[in-house]
Amino acid sequence: MLGRHVRSRRTCSALVAVAACGGEPAVPDAALPNWERLSELPQAVANNAVASIDGAGGCQLLSAMGIDGSRQAAGISAQAWLFTDRWEALPDVPGLPRLAASAVTVQGKVYVLGGYSVAESGAETSHTDVAIFDPETRTWSSGATLPTAIDDAIAVSWRDRWIVVVSGWSQTTPVRAVQIFDVESGVWDVGTPFPGSPVFGHAGALVGDDLVLIDGVASGTTGFRIVSQTWRGRLDPSSPTTIEWTQLPDHPGPARYRAAAGRLDGLLMFHGGTSDPYNYDGLSYTTGTPSAPLADAIAFDPATTTWGPLLDKPIATMDHRSLVGCGARVFTVGGMEAGPTVSGAVWSFGP
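So, how was this worked out
Residues numbered from 1 in each chain as written. Predicted model: local features only at pLDDT ≥ 70, side-chain atom pairs only at ≥ 80, totals over all residues. Heavy atoms only, no water. Helix = DSSP H or I, 4+ residues; strand = E, 2+ residues; numbered from the N terminus. Rg over C-alpha atoms; globule rule 2.2 N^0.38 Å. Buried < 20%, exposed > 50% of the residue type's maximum accessible area, 1.4 Å probe, protein only. Areas by Shrake-Rupley, 256 points an atom, 1.4 Å probe, with all protein chains shown as cover. Lys, Arg positive; Asp, Glu negative; His and termini not counted. Charge placed at Lys NZ, Arg CZ, Asp CG, Glu CD. Contact = heavy atoms within 4.5 Å. Phe/Tyr/Trp six-rings, centres within 6.5 Å; stacked < 30°, edge-to-face > 60°. Salt bridge = Lys/Arg side-chain N within 4 Å of Asp/Glu carboxyl O. Polar contact = N/O pair within 3.5 Å; in protein donor to acceptor, adjacent residues only side chain to side chain. Pairing = 2+ DSSP bridges. Axes fitted to C-alpha atoms, helices over the stretch in contact; angles between N-to-C directions. Core = buried A, V, L, I, M, F, W, Y, C linked by side-chain atoms within 4.5 Å.

(A) Inspection of the overall build of the chain at higher detail. When helices and strands are tallied, the chain shows zero helices and 32 strands. Relative to the 2.2 N^0.38 estimate, which gives 20 Å for 351 residues, the radius of gyration of the chain is 18 Å and therefore close to what a compact globule would have. Judged by the C-alpha coordinates and their principal axes, the chain covers about 50 × 50 × 40 Å. Burial analysis of the chain (351 residues in total) assigns 58% to the buried set. Surface accessibility of the chain: about 12,900 Å² in total, with carbon and sulfur atoms responsible for 51%. Side chains of the chain carry 22 positive and 34 negative charges; the gap between the two charge centres is 5 Å.

(B) Region of the structure containing the environment of Val 104. On the secondary structure map, Val 104 appears in strand 7 (residues 102-106). In this structure, the C-alpha to C-alpha distance between Val 104 and Leu 38, residues 66 residues apart in sequence, is 22 Å. Among all residues touching Val 104, those that are not within four sequence positions of it are Ala 51, Lys 109, Val 110, Tyr 111, Leu 113, Ala 155, Val 156, Ser 157 and Ile 163.

(C) Region of the structure containing the packing of aromatic side chains. Counted by the stated rule, this structure contains 17 aromatic pairs. Measuring from ring centre to ring centre gives 5.2 Å for Phe 133 and Trp 140, while their planes differ by 50 degrees; the resulting arrangement is tilted. Pair check on accessibility: Phe 133 and Trp 140 agree, each one buried. Members of the aromatic cluster, joined through ring pairs, are Trp 169, Phe 200, Phe 224, Tyr 257, Tyr 278 and Tyr 285.

(D) A look at the pattern of salt bridges. In the structure shown here, the tally under the stated rule is 11 salt bridges. Here Arg 37 makes a salt bridge to Glu 40, at a shortest N to O gap of 2.7 Å. Overall, the relative accessible area of 29% leaves Arg 37 in the partly exposed class. Residues joined by salt bridges that share partners form a network here, namely Asp 152, Arg 258, Asp 319 and Arg 321.

(E) A look at the side chain of His 127. Its place among the elements puts His 127 in the loop between strand 10 (124-126) and strand 11 (130-134). Reaching out from His 127, the side chain makes a polar contact with the side chain of Ser 117 at a distance of 2.8 Å. Once you skip the residues sitting within four places of it in the chain, His 127 turns out to touch Leu 96, Arg 98, Gly 114, Gly 115, Tyr 116, Ser 117, Leu 146, Ala 149 and Ile 150.

(F) Broad picture of the sheet that holds strand 3 (residues 49-55). What the four strands build is an open sheet, ordered 3-4-5-6; its pairing is antiparallel. Each end of this open sheet is capped by a strand with a single partner; those strands are strand 3 and strand 6 (87-90). The sheet shows a mean angle of 25 degrees between the axes of neighbouring strands, taken without regard to direction.

(G) Looking closely at the nonpolar core. Ranked by internal contacts, the top residues of the largest apolar core, which has 18 residues, are Leu 99 and Phe 200. Membership of the second largest hydrophobic core comes to 17 residues, among which are Ile 53, Leu 62, Val 93 and Val 110.

(H) Focus on unusual backbone geometry. Geometrically, the link from Gly 339 to Pro 340 is a cis peptide bond, its omega value of -5 degrees lying close to zero. Looking at the secondary structure, you find Pro 340 in the loop between strand 31 (329-337) and strand 32 (341-349). In this model, Ala 100 sits at a positive phi of 60 degrees, which is unusual for a non-glycine residue. Take Ala 100: it is sitting in the loop between strand 6 and strand 7. Here the phi dihedral of Arg 138 falls at roughly 60 degrees; this positive angle occurs in a residue that is not glycine. Inspection of the secondary structure puts Arg 138 in the loop between strand 11 and strand 12 (139-142). For Arg 138, a relative accessible area of 26% corresponds to the partly exposed category.

(I) View of the side chain of His 320. With respect to the helices, strands and loops of the structure, His 320 is situated in the loop between strand 29 (311-317) and strand 30 (324-326). Look at His 320 and you get buried, because its relative accessible area is 3%. Looking at His 320, its side chain comes within polar contact range of the side chain of Thr 317, at 2.9 Å. Other than its neighbours up to four places away in sequence, His 320 contacts Arg 258, Ala 259, Ala 260, His 271, Thr 332, Gly 334 and Gly 335.

(J) Main features of the environment of Ile 226. Relative to the helices and strands, Ile 226 is located in strand 22 (residues 223-226). Along the chain, Ile 226 and Ala 255 lie 29 residues apart, while their C-alpha atoms are 6.8 Å from each other. Ignoring any residue separated from it by four or fewer positions in sequence, one finds Ile 226 in contact with Gly 216, Val 217, Ala 255, Arg 256, Tyr 257, Thr 274, Ser 275 and Pro 277.

(K) Expanded view of the sheet that holds strand 24 (residues 243-247). The strand order across the open sheet formed by four strands is 19-20-23-24, and the pairing between neighbours is antiparallel. Of all strands in the sheet, those bounded by a partner on one side alone are strand 19 (203-207) and strand 24. Strand-to-strand twist across the sheet, computed as the mean angle between neighbouring axes with direction ignored, equals 20 degrees. Sheet topology places strand 20 (residues 210-214) next to strand 23 (residues 230-235); five bridges connect them, and they run antiparallel. Within strand 23, the residue paired with Asp 210 across the bridge is Arg 234.

Honestly, that's just the spatial picture; any functional story needs more than this.
So this is what it looks like as structure tokens:
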């Protein structure tokens, strides 16, 4: 089955520079002093799984898989990179090259989950693969596979013990599935299903025990449509599979697809994305022309359940998996800029 490829149907301080993660100084943006552009990836990549490792050795950033500047199926890669004092090529992620995978760090190791591959015929396959990266040994191992094959999902690390995966695309359709992994028992379980519109390419992050997610793209008989939705899932460590879902006030600005989401100083940040859903090549499902990335970000205060005003970004970007944090700052790694152009840029934002 062609799946999403058929467009008519869906085809580590207050001012952290790279040096704070062990590398060369950042290049500051004079117009936007809270943004810094850091050392670029050696290879441009988008829809890559990104995680941070904040340990005794300082901050490290990991980028795994994704699509290169060709924006073609042949450019989907299993390549992985690690940044300490420079970008270091790692052994490939096990399994088929994929994009739209998720990455989270739990107990010092990075779990790369799911994603989808594209065959020469154009057929897309969602995967159950879980690969675990050990930064001490620079090696990969296989983890317990996901019960439901998934890509373009939200995945978060909760209390440094559980991995929570919410909704996403599974083979032929978005699903409401919530999949929860206990690192200590090594077992996947089923969480309270997501009650909103099942979507892919949504964005979400965790503050404390509150998971907040927004938007995404739904599928139906008329094709693919962006969904404006905002939900909070309250997690309970005494009953890890029970999630109390509630709707939140609408966020400012347009609904978003493949934005970056992360936690910054008690707030949740949602950066970029686009209001025009697209295929892996950055071209709109509806028009076949380049989708336009957004050059803004929004912040949510979970303590007051209020949204802040739209914030300007230094450059419009989309095709992100997450906004990862180290120290007092958050980072985007790669993505797509206008054009569409796949980027190797690394940006950080913080107070």
